[in-house]
Amino acid sequence: MEIDVDTERLRADLEANGHIGEVEAEVGWGRTVLTATDADRQARDRFLDRLEAAGLTVRVDPVGNVAGRWVPESADPDAAPVAAGSHLDSVPEGGIFDGPLGAYGALEAVRAIRESPVEPVRPLEVVSWTEEEGVRFGTGLLGSSVASGVRPLEAALARTDGDGNTLGEELARIGYRGEATIDPASWAAWLELHVEQGTVLERAGVPVGVVTAIAGIANCDVTFEGEANHAGATPMDERRDALAAASEFVLDVERGARERVEAGHEAAVGTVGSLDVSPNANNVVPGRVEATTDQRDVDPEVLRELIDGAEASAERIAEERPVAVEFDHYRLTEPSRMADRCVAAAAGAAERAGLGRLEMHSAGLHDTANVANVTDTVLLFAPSEDGVSHNPREWTDWADCANATRVLAGAMADLAT
């Protein structure tokens, strides 16, 4: 059964949320809602009010994750629920859709199911995760990582912001350090709706993306140690130029990703996005460079090849150039596969709604990547105008918001009946 949603009700929710933490922008609509700030408290308070107004029972866990639960009369209250949602925090001067569309879209989906003839046999839950963006406390997907067992609670609560405030202290200050349990492992399924943050759907002219895999991410710190010396007085054959060595590494990382794309692994990407050059003076041969990589793919074997290629590049450069190289592969988030039955539910919902869909991968991480470790999941995308995100110019047409929410609602209903 196709389940309709109330476009104007969804729009009103997103616009009202967009005014919380609103910032001036020359173009677009910007908001800054960092975790456990006063703006975050306002956003959470409003979200709880809307959950309760829709008849959901609200609870908050110790890391500030929020969940609203609806148990239909047709449902077994002890059955594993179907859950959906996203996050309410933002980057500084972000847009109004990244995160809130998924949180309020999940609420609208539950409201639409309640207003339909569908009789779910499972409870439905709407969730907002804490600190998805990772801006204030230095690590993203924080709330979902705790709930999914990826990160210890105490380690999360002990994280500090730039002023030395801990997450635990700040959550308590705004009234959102709860005591309830939110356990994704107890869910029958999890669904997240998000703006694409790219142009794949827009270019294809398709209103809904059904994600089949979320790319894994590898980060490496690589240090090139040479010798700082006078840029004019040091002969070329006597230089130990750390930046010249690092430049070779940057190109090798790029080349490694391009070669895998040419071999058919279109999700492969490789970036050196951070260089710290010392002493960073125009008349001094650089003596030290610290570089950080970001490499991604949906295939764990390909991701490992990208990492191995970067390490081989560092070793080769150390042999061929008069520099010392240290290579530290400090982070690996494995790729996440979406569950076939959840993908099928989303595809079926799109078909019933008469909407085109495109199966695709997600290059960006989302809370679903953590939840996928403990239950069946699917991630849905709505188109992003010009692919802009984390920016006041971020925009998704209201019709696209509603269409993606229709698919979300249909998939939730399918998985809950």
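Residues numbered from 1 in each chain as written. Predicted model: local features only at pLDDT ≥ 70, side-chain atom pairs only at ≥ 80, totals over all residues. Heavy atoms only, no water.

Draft legend 1. Representation of unusual backbone geometry within the structure. The residue after Ser278, namely Pro279, is reached through a cis peptide bond having omega 5°. Checked against the element boundaries, Pro279 lands in the loop between β11 (269–278) and β12 (284–285). A positive phi angle is found at Glu93, which is not glycine, with a value near 55°. Position of Glu93 relative to the elements: it lies in the loop between β5 (82–87) and α3 (100–114). (Helix = DSSP H or I, 4+ residues; strand = E, 2+ residues; numbered from the N terminus.)

Draft legend 2. View of the side chain of His194. On the secondary structure map, His194 appears in strand β7 (residues 189–195). By relative accessible area, which is 1% here, His194 ends up buried. A polar side-chain atom of His194 sits 2.8 Å from a polar atom in the side chain of Asp98. In this view, His194 contacts Ser86, His87, Asp98, Gly99, His366, Leu379, Leu380, Phe381 and Ala382; residues no more than four positions away in its chain are not counted. (Buried < 20%, exposed > 50% of the residue type's maximum accessible area, 1.4 Å probe, protein only. Polar contact = N/O pair within 3.5 Å; in protein donor to acceptor, adjacent residues only side chain to side chain. Contact = heavy atoms within 4.5 Å.)

Draft legend 3. Just the sheet that holds strand β14 (residues 324–333), in detail. Read from one edge of the open sheet, four strands run β11-β13-β9-β14, paired in antiparallel fashion. The open sheet has two free edges, formed respectively by β11 and β14, since each of these has just one partner strand. Each strand axis lies, on average, 15° off the axis of its neighbour in the sheet, ignoring direction. The pairing of strand β9 (residues 216–225) with strand β13 (residues 288–297) spans eight bridges and is classified as antiparallel. Directly across from Gly216, in β13, lies its bridge partner Asp297. Against the sheet, helix α8 (residues 242–262) contacts β9, β11, β13 and β14, and its axis sits at roughly 170° relative to β11. Running over the sheet, helix α9 (residues 300–320) touches β9, β11, β13 and β14 and is turned about 170° from β14. (Pairing = 2+ DSSP bridges. Axes fitted to C-alpha atoms, helices over the stretch in contact; angles between N-to-C directions.)

Draft legend 4. Quick peek at a negative patch on the surface. Taken together, the side chains of Glu202, Glu385, Asp386 and Asp397 make up a negatively charged region of the molecular surface. As for its position among the elements, Asp397 is in the loop between β17 (377–382) and α12 (398–415). (Patch = residues over 30% accessible without salt bridge, like charges linked within 9 Å, V, L, I, M, F, W, Y side chains within 5 Å. Areas by Shrake-Rupley, 256 points an atom, 1.4 Å probe, with all protein chains shown as cover. Salt bridge = Lys/Arg side-chain N within 4 Å of Asp/Glu carboxyl O. Lys, Arg positive; Asp, Glu negative; His and termini not counted. Charge placed at Lys NZ, Arg CZ, Asp CG, Glu CD.)

Draft legend 5. Structural context of helix α6 (residues 167–174). Restricting attention to buried positions, one finds in α6 the residues Leu167, Gly168, Glu170, Leu171 and Ile174. Buried residues of α6 fall within an arc of 165° about the axis and therefore sit on the same side. Its buried side turned inward, α6 meets α2 (38–53), α4 (142–147) and α5 (153–157). Gly175 sits one or two residues past α6 and shows a positive phi near 85°. (Arc of directions from axis to C-beta.)

Draft legend 6. Structural context of the packing of aromatic side chains. Summed over the entire model, instances satisfying the criterion amount to eight aromatic pairs. Ring geometry for Phe47 versus Tyr104: centroids 5.2 Å apart, planes at 85°, classification edge-to-face. On the criterion of sequence distance, the pair formed by Phe47 in helix α2 and Tyr104 in helix α3 is long-range, its members being 57 residues apart. The class of Tyr104 is buried, set by a relative accessible area of 0%. Here Phe97 and Trp398 contribute two aromatic rings whose centre-to-centre distance is 5.4 Å and whose plane-to-plane angle is 55°, an arrangement assigned as tilted. (Phe/Tyr/Trp six-rings, centres within 6.5 Å; stacked < 30°, edge-to-face > 60°.)

Draft legend 7. Seen up close, the environment of Gly364. Summarising the element assignment, Gly364 is placed in the loop between β16 (357–362) and α11 (368–371). Through-space distance from the C-alpha of Gly364 to that of His19 is 26 Å; in sequence the pair is 345 residues apart.

Draft legend 8. Geometry of the side chain of Glu108. Mapping Glu108 onto the fold places it in helix α3. Among residues more than four places away in sequence, those in contact with Glu108 are Val5, Asp6, Arg9, Leu10 and Thr405.

Draft legend 9. Spotlight on the environment of Arg114. One can find Arg114 in helix α3. For Arg114 and His366, which are 252 residues apart along the polypeptide, the C-alpha to C-alpha distance reads 27 Å. Beyond its immediate stretch of four places on either side in the chain, Arg114 contacts Ala54, Gly55 and Trp70.

Draft legend 10. Looking closely at the nonpolar core. Leu191, Leu408 and Met412 are the most contacted members of the largest nonpolar core, which has 88 residues in total. Of all the elements, α12 adds the most residues to this core, at eleven residues. With residues up to four places along the chain from it excluded, the contact list for Leu191 reads Val82, Ala83, Ala84, Gly85, Val378, Leu408, Ala411, Met412 and Leu415. The next biggest cluster of nonpolar side chains, apart from the first, holds 23 residues, and it includes Ala242, Ala257, Val302 and Leu303. (Core = buried A, V, L, I, M, F, W, Y, C linked by side-chain atoms within 4.5 Å.)

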